[in-house]
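Remarks on the overall topology
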Amino acid sequence: MTKLSIALLSGGISSERDVSIASGNQVYETLDRDKYEVIRYDPKTDLPQLVADAAGIDAALIILHGPYGEDGTVQGLLDLLGIPYQGSGVLGSAISMNKLVSKQLYKNAGIPVAPDMTFKSIDMIETRAVVDQLGMPLVIKPVTSGSSIGLSIVKSEDALNDALEKAFAEDHEVLIESYIKGVELTGGVLGNDDLLALPIIEIIPGEDFEFFDYTAKYTPGATQEICPARIDEAMTQKAQTYAKKAHRALCCKGYSRTDMILSDGQIYVLETNTIPGMTPTSLLPQAAGVAGIDFSRLLDKLIEFSLEDKKSGR
C-alpha cells in the first residue's frame with residue numbers, strides 16, 4: 001500500500017501555541033506509520049518549507065488553535081497550495097472564530113442563544129445601560145479568541161470595566177452576554193454532508209473554577225468530564241440536533257464541537273470549535289471513543305474527509 005504524505009501543522013503564533021504543540025505531539029505519535037509518512041511543520045518558522053514541499057503533500061492535519069490557525073488564514077494558504085486538509089475551509093473557519101457572526105447565524109437557524117450586546121474599543125460604554133438590558137451576572141468575552149482566553153464572569157457593575165479591559169486586550173471588539181447558569185455540555189459532529197453526532201459530554205469544572213476557563217481546560221484533574229452526559233434521551237437528541245444545526249449554520253466541514261448550556265429545560269448554544277483539542281483525552285476524541293472510534297481511527301477519518309472533500313471539488 002502506498003503511504004500518504006501528511007503535513008502535520010502545530011505550534012503557530014497564537015496565545016494557544018503551547019496547547020497546539022502538545023496536541024501535535026499526541027497526533028504525531030498516534031498516526032499509523034503503515035499508512036502515512038508524517039512531516040511536521042510549525043507555521044511560526046516553517047511556512048517557506050511547507051510551500052516548497054507542497055507538491056509532494058497528499059493532505060494536511062491542522063492542529064492549530066486560535067488566530068492564525070483556526071480562523072481561516074492557514075486554510076487559505078493550503079487552498080492556494082492545493083493541499084487538502086481536515087475540517088472547515090476559509091469561510092467556515094472565519095465565521096466560527098467570530099462569536100458575533102456565529103451568534104447571528106445561530107439565530108437565523110433557530111438555535112437558542114443568550115441575550116447579548118457588542119461593543120468596539122472606540123465605543124463609549126455605559127455600564128448601567130448594559131446591566132439594565134442584560135441583567136447580572138454577565139459574561140464578557142473577546143469576539144475572536146479561543147480557549148476562553150480573555151473571558152470573564154462579572155457579578156457586579158463595579159467589576160465590568162476591568163473585565164472589558166481584559167477582553168479588549170485580546171480583540172478590538174467584545175461580546176457581553178447574560179450569564180446562564182446550568183449544566184455545561186458539548187457535542188461533537190463528524191462528517192461533510194452526512195453528519196454523525198457523537199455522544200454528548202457533560203463538563204463539571206472543579207470547585208476552584210467558576211467556569212470551563214483556559215486553566216480548567218488544560219490542567220489535569222481540574223475538570224470532570226462525563227460521557228455520555230447525565231441527561232435524558234430527549235435532551236440528548238436535542239443537544240445533538242443543535243450540534244449538527246450549528247455545524248451546518250456555520251458552514252463547517254469534517255468535524256466540529258459545539259459548546260452548550262442546559263438551563264431550566266432549555267439548551268443554549270455558546271460557540272462552535274472548528275479545530276477542537278486533539279489529544280486522546282480531549283473532549284471530541286473522548287466522545288468519539290465512546291462511540292467506538294478510537295483516536296487512531298478518528299485521525300484516519302479526518303484525513304478521509306479531507307480527501308473526500310477534495311474529490312468533490314469543494
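One can find the structure itself at the top, above this paragraph.
All figures in this text were calculated on a predicted structure; none of them were measured in a lab.

**Regarding the pattern of salt bridges**
- Per the counting criterion, the structure on display carries twelve salt bridges.
- With a closest N to O distance of 3.0 Å, K103 and D116 form a salt bridge. Of the two residues, K103 is situated in helix α5 (residues 99-108) and D116 in strand β4 (residues 116-120); the sequence distance between them amounts to 13 residues.
- Classification of K103 by relative accessible area gives buried; the value is 2%.
- Residue class for D116 comes out buried when judged on its relative accessible area of 18%.
- Between E157 and R128 there is a salt bridge, with the nearest N and O atoms lying 2.4 Å from each other. Highlighted residues: E157 in the loop between β6 (152-154) and α7 (160-168) and R128 in helix α6 (residues 127-134), separated in sequence by 29 residues.
- On the accessibility criterion, R128 (44% relative accessible area) is partly exposed.

**What to know about the packing of helix α4 (residues 90-97) against α5**
- In contact at an axis separation of 5 Å, α4 and α5 are set at 100° when each is read in the N-to-C sense. If you check the angle between α4 and α5, you find them roughly perpendicular. Residues I95, S96 and M97 of α4 form the contact with α5, whose participating residues are K99, V101, S102 and L105.
- Residue composition of the contact of α4 with α5, by class: four nonpolar, two polar and one charged.

**Section: the sheet that holds strand β7 (residues 173-178)**
- Taken in spatial order, the four strands of this open sheet run β4-β7-β5-β6, and their pairing is antiparallel. Sheet topology places β4 and β6 at the edges, where each strand pairs with a single neighbour. Along the sheet, successive strands turn relative to each other by an average axial angle of 25°, direction set aside.
- Here β4 pairs with β7 via five bridges, running antiparallel. Its bridge partner lying in β7, M117 is registered against I176.

**A closer look at α5**
- Looking at α5, one finds that the buried residues are K99, L100, S102, K103 and Y106. The buried residues of α5 occupy an angular sector of 160° when projected down its axis, which confines them to one face.
- Considering only its buried residues, α5 is in contact with α4, β4, β5 (138-142), β7, α9 (233-249) and β13 (266-273).
- The N-capping residue of α5, defined by a side-chain oxygen 3.1 Å from the backbone nitrogen of L100, is N98.
- Just beyond α5, the residue with positive phi is G110, at close to 75°.

**With respect to the environment of K3**
- Residue placement: K3 occurs in the segment before β1 (4-10).
- C-alpha separation for the pair K3 and E37, spaced 34 residues apart in sequence, amounts to 6.3 Å.
- Here K3 is in contact with R33, D34, K35, Y36, E37 and D58, once residues within four sequence places are set aside.
- Of note is the side chain of K3, whose polar atom sits 2.9 Å from the backbone oxygen of R33.

What counts and what doesn't
Residues numbered from 1 in each chain as written. Predicted model: local features only at pLDDT ≥ 70, side-chain atom pairs only at ≥ 80, totals over all residues. Heavy atoms only, no water. Salt bridge = Lys/Arg side-chain N within 4 Å of Asp/Glu carboxyl O. Helix = DSSP H or I, 4+ residues; strand = E, 2+ residues; numbered from the N terminus. Buried < 20%, exposed > 50% of the residue type's maximum accessible area, 1.4 Å probe, protein only. Axes fitted to C-alpha atoms, helices over the stretch in contact; angles between N-to-C directions. Parallel < 35°, antiparallel > 145°, perpendicular 65-115°, else oblique. Contact = heavy atoms within 4.5 Å. Nonpolar A, V, L, I, M, F, W, Y, C, P; charged D, E, K, R; others polar. Pairing = 2+ DSSP bridges. Arc of directions from axis to C-beta. Polar contact = N/O pair within 3.5 Å; in protein donor to acceptor, adjacent residues only side chain to side chain.

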